[in-house]
Amino acid sequence: MAITSHDVARLAGVSQPTVSRALRDDPRVSPVTREKVREAARALNYVPSEVGRSLSTRSTRRIGVIVTDLTNPFYPHVVAPLHDELESLGYRMMLLTERSDEAVAQENLLDQSLDGVVLATATTDSRLPAQLDRRDVPYVFLNRDTGRAGDYASVVDNEGGGRLVARELARLGHRRIAGIFGAVNTTTGRERELGFRLALADEGIGLPEDRVVRGPFEYDTGYGALPFLLDAAQPPTAVFCGNDVVAVGVLNAARAAGLRVPGDLTVIGFDDLPMASWEVLRLTTVRHDLPELARQAARLLVRRITGEADPAGERLVLPTEFVPRGTHGPPA
């Protein structure tokens, strides 16, 4: 027969509820009693039932992480530190992937099997946050949020990063500048474009729509956009890309077109993924602390779960910095 908490209670000379509290490190149980219960549990090779614990505490210690685009190299670099931080806080991570967050929600998020959710690929038109609110499921945004007041989010200073790139291009003497930004329903895409436009305007430089492309943060977006931009009567001498993955697509398209980077074309990315520093790329980009972005989200979610977060919402913003490498220079 399987050993139960009642067997541990009999050996330790305490009640069964005391066993449950002691094994959860409940402060209402004295250190002496906790140790006595642990010794009895070890002697009997007793392992607490996670199912039973969930039923008694209404807590599963499980966190769902939604990522709808695992093909994007950005996300593996935040999933690992997110997992480690949650584990250090006593939670297990479940990675949930679908083509849309609504599809994930119907199957996995709204059945009370998770203590909280990290939304890593949210869009501004997603219905999932409202669904989670109705079910009282705590959640936080990672990297992208909705842009609304009251969000709980771990994000970077996207607007500030866009400004850094614009100022550098203006300093180098570029005037014909293009932008390949993220989709309009992502805060990362909109904020990076906004900061870039505002800083260019401060320098007296325009960004006409025929030098702007918007689309998914994917390699194909960059690769497909550059021929369109080069087909203009006055093609750009510099391209700011919404992220490093898009920038890699632009670099390959530039090579296919016979352009020298940075001799003929300056290319700048955003995120500073590890591959950006590879010698074969040496991509000039905008850096932020990817691991801390993830760890910050984990800590914020746990504070929401335990009721310690600000009821009015918390938007934690990490700073950005310009990283000069080998893909930027003055116009030819």
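Residues numbered from 1 in each chain as written. Predicted model: local features only at pLDDT ≥ 70, side-chain atom pairs only at ≥ 80, totals over all residues. Heavy atoms only, no water.

- As annotated in an unreviewed UniProt entry, the protein is LacI family DNA-binding transcriptional regulator from Streptomyces thinghirensis.

**Details of the packing of aromatic side chains**
Consideration 1: Counted under the stated rule, the structure contains six aromatic pairs.
Consideration 2: Ring geometry for Phe-74 and Tyr-75: centres 5.0 Å apart, planes at 85 degrees, overall edge-to-face. Accessibility classification places Phe-74 together with Tyr-75 in one group, the buried group.
Consideration 3: With a centroid separation of 5.6 Å and 85 degrees between ring planes, the pair formed by Tyr-139 and Phe-141 is classed as edge-to-face.
Consideration 4: Relative accessible area serves as the criterion here: at 0%, Phe-141 is assigned to the buried category.
Consideration 5: Sitting above the plane of the Tyr-139 ring, Arg-304 keeps its charged end 5.3 Å from the centroid.
Consideration 6: Arg-304 extends its terminal NZ or CZ atom over the ring of Tyr-152, reaching a point 3.9 Å from the ring centre. (Phe/Tyr/Trp six-rings, centres within 6.5 Å; stacked < 30°, edge-to-face > 60°. Buried < 20%, exposed > 50% of the residue type's maximum accessible area, 1.4 Å probe, protein only. Lys NZ or Arg CZ within 6 Å of the ring centre and 35° of its normal.)

**Points about the environment of Thr-327**
Consideration 1: Its location among the elements puts Thr-327 in the segment after strand E12 (321-323).
Consideration 2: Take Thr-327: its relative accessible area is 3%, and that puts it in the buried class.
Consideration 3: Residues Thr-327 and Asp-133, 194 residues apart in the sequence, show an inter-C-alpha distance of 44 Å.
Consideration 4: Every residue in contact with Thr-327, bar those within four places of it in the chain, is listed here: Leu-251, Val-261, Pro-262, Leu-265, Thr-266, Val-267, Leu-281, Arg-282, Leu-283 and Thr-284.
Consideration 5: A polar atom in the side chain of Thr-327 sits 2.6 Å from the backbone oxygen of Val-267.
Consideration 6: Within the structure, the side chain of Thr-327 is placed 2.9 Å from the backbone nitrogen of Thr-284, a separation counted as a polar contact. (Helix = DSSP H or I, 4+ residues; strand = E, 2+ residues; numbered from the N terminus. Contact = heavy atoms within 4.5 Å. Polar contact = N/O pair within 3.5 Å; in protein donor to acceptor, adjacent residues only side chain to side chain.)

**Some remarks on the sheet that holds strand E9 (residues 266-268)**
Consideration 1: Taken together, four strands build an open sheet; the order of strands is E7-E6-E8-E9 and the sheet is parallel. Here the strands that pair on one side only, and so sit at the sheet edges, are strand E7 (212-214) and E9. Each strand axis lies, on average, 15 degrees off the axis of its neighbour in the sheet, ignoring direction.
Consideration 2: Relative to E9, strand E8 (residues 238-241) runs parallel, the two sharing three bridges. Paired with Ala-238 across the two strands is Thr-266, which belongs to E9. (Pairing = 2+ DSSP bridges. Axes fitted to C-alpha atoms, helices over the stretch in contact; angles between N-to-C directions.)

**Examining the side chain of Glu-191**
Consideration 1: Within the secondary structure layout, Glu-191 lies in helix H9 (residues 187-202).
Consideration 2: Looking at Glu-191, the relative accessible area reads 17%, which means it is buried.
Consideration 3: Among the polar contacts made by the side chain of Glu-191, one reaches the side chain of Arg-315 at a distance of 3.0 Å.
Consideration 4: Beyond its immediate sequence surroundings of up to four residues, Glu-191 is in contact with Asp-145, Asn-158, Glu-159 and Arg-315.

**Digging into the nonpolar core**
Consideration 1: Formed by 68 residues in total, the largest nonpolar core has its most connected members in Leu-82, Leu-86, Val-118, Leu-142, Ile-180, Phe-196 and Val-267.
Consideration 2: When neighbours within four sequence positions are excluded, Leu-142 is seen to be in contact with Val-78, Leu-82, Val-118, Leu-119, Ala-120, Ser-154, Leu-293, Ala-294 and Ala-297.
Consideration 3: Of all hydrophobic cores here, the second largest spans 13 residues; its members include Ile-66, Leu-96, Leu-114 and Leu-132. (Core = buried A, V, L, I, M, F, W, Y, C linked by side-chain atoms within 4.5 Å.)

**Observations concerning the packing of helix H5 (residues 76-88) against helix H12 (residues 290-305)**
Consideration 1: At a minimum axis distance of 8 Å, the contact between H5 and H12 shows a crossing angle of 40 degrees. Classified by the interaxial angle, the pair formed by H5 and H12 is oblique. When the axes of H5 and H12 are compared, the crossing they make is right-handed. Residues His-77, Val-78, Pro-81, Leu-82, Glu-85 and Leu-86 of H5 pack against Leu-290, Pro-291, Ala-294, Arg-295, Ala-298, Arg-299 and Val-302 of H12. (Parallel < 35°, antiparallel > 145°, perpendicular 65-115°, else oblique. Left-handed = near helix turned anticlockwise from the far one by under 90°.)

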